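The chain contents come next:
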Amino acid sequence: GVASGAGPMAGLYGAIIVGFFASLFGGTPSQISGPTGPMTVVMALIVTQYAGHPGVAFTVVMMGGLFQILFGILRLGQYISLVPFTVISGFMSGIGVIIIILQLPQLMGHPAPSGGIIGAIGDLPSIAAAVNWQAFLGGAVALAIVIFTPPRISRKMPSPLIALVAGTTLVWLMLPGAPILGDIPTGLPALQAPAFSWTLLPEMIVSALILALLGTIDSLLTSLIADNITRTHHEPERELVGQGIGNLVAGLFGAIPGAGATMRTVVNIRAGGLT
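Remember, it's a predicted structure, so these values are computed and weren't measured experimentally.

Engineer: Would you mind going over the packing of helix α6 (residues 133-148) against helix α8 (residues 159-174) in detail, with residue names and values included?
Structural biologist: The interhelical angle for the contact between α6 and α8, taken along N-to-C directions, is 155°, at an axis separation of 8 Å. Considering their axes alone, α6 and α8 lie roughly antiparallel with respect to each other. In this structure, α6 crosses over α8, and the sense of that crossing is right-handed. Facing Gly138, Val141, Ala142, Ile145 and Val146 of α6, the residues of α8 in contact are Ser159, Pro160, Ile162, Ala163, Ala166, Leu170 and Val171. When its residues are assigned to classes, the contact of α6 with α8 shows 10 nonpolar, 2 polar and no charged.

Engineer: Explain the side chain of Ser219 to me, using residue names and the numbers behind them.
Structural biologist: Here Ser219 shows up in helix α9 (residues 201-230). Polar side-chain contacts of Ser219 include one of 2.8 Å to the backbone oxygen of Gly215. When near neighbours in sequence (up to four residues on either side) are disregarded, Ser219 contacts Gln31, Gln243, Ala259 and Gly260.

Engineer: Outline unusual backbone geometry, listing residues and values.
Structural biologist: Unlike most non-glycine residues, Arg75 shows phi in positive territory, near 60°. Position of Arg75 relative to the elements: it lies in the loop between α3 (54-73) and α4 (85-107). With phi around 60°, Arg231 is a residue other than glycine that occupies positive phi space. Counting through the fold element by element, Arg231 comes out in the loop between α9 and α10 (236-252). When its relative accessible area of 68% is taken as the criterion, Arg231 is described as exposed.

Engineer: How would you summarise helix α11 (residues 262-270) if you had to cite specific residues and measurements?
Structural biologist: For α11, the set of buried residues is Thr265, Val266, Asn268 and Ile269. End-on, the buried residues of α11 take up no more than an arc of 160°, which puts them together on one face. For α11, the exposed residues lying more than 90 degrees away from the buried face are Met263 and Arg270. Along its buried surface, α11 packs onto α9. Taken from the residues just after α11, Gly272 is the one with a positive phi, measuring 100°.

Reading guide: rules and limits
- Residues numbered from 1 in each chain as written.
- Predicted model: local features only at pLDDT ≥ 70, side-chain atom pairs only at ≥ 80, totals over all residues.
- Heavy atoms only, no water.
- Axes fitted to C-alpha atoms, helices over the stretch in contact; angles between N-to-C directions.
- Helix = DSSP H or I, 4+ residues; strand = E, 2+ residues; numbered from the N terminus.
- Parallel < 35°, antiparallel > 145°, perpendicular 65-115°, else oblique.
- Left-handed = near helix turned anticlockwise from the far one by under 90°.
- Contact = heavy atoms within 4.5 Å.
- Nonpolar A, V, L, I, M, F, W, Y, C, P; charged D, E, K, R; others polar.
- Polar contact = N/O pair within 3.5 Å; in protein donor to acceptor, adjacent residues only side chain to side chain.
- Buried < 20%, exposed > 50% of the residue type's maximum accessible area, 1.4 Å probe, protein only.
- Arc of directions from axis to C-beta.

Right under this line is the structure:
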């Protein structure tokens, strides 16, 4: 949520809404869905593109969900398996580099810079010259926990969850100078009425198609990975409809879109989750 520019609550609501509806209506029993790196990067571009019209940005999310439902109805999911592995590998590696660059300012205790990836690269020299060392220490400890937690422990308790609790506790008790997200509101999110503009409609359709295609590829590749681990076979068309419903509802409540998440799905299967 923070990386997308829509705020932390948009990320939390996206995890809840997409995770619930995609699981309820999807076609991959063990898959865990929610905000993912590729979807977050595209959402950041959309938030930047429609900075003065937040309602339009979330309408694009709704439209992306509708396109995914349409893809499922048209039975297009079966063709995702034809995408070459080299294309997928290059795409995911590029997304990984973008996410690292976008997260470096926060790791050093600074707010996310404006201007997306280009803005982040341009601000890195000044950010590196004024590091908040308390924030950096808290982030470094959390990152070390994620990377170096032994597999026998992470199978019982996912290392990102351990890092979240340990890092928060460390900052709370020993690093008062580190910036925090702030108060988390309670209750249900407010409904976002769709916002259309005839002049922006062609751009909105293009952005929605990019979201839908990316979410489709991301989700169905994760489904293939789940199939390989569980020795089962997912239903790609049903999965697309479930993902589309999740993103449609996410847009209605001002949440960021999501897709099937590979690492979360693998963690779920390793922990014994089957449905």
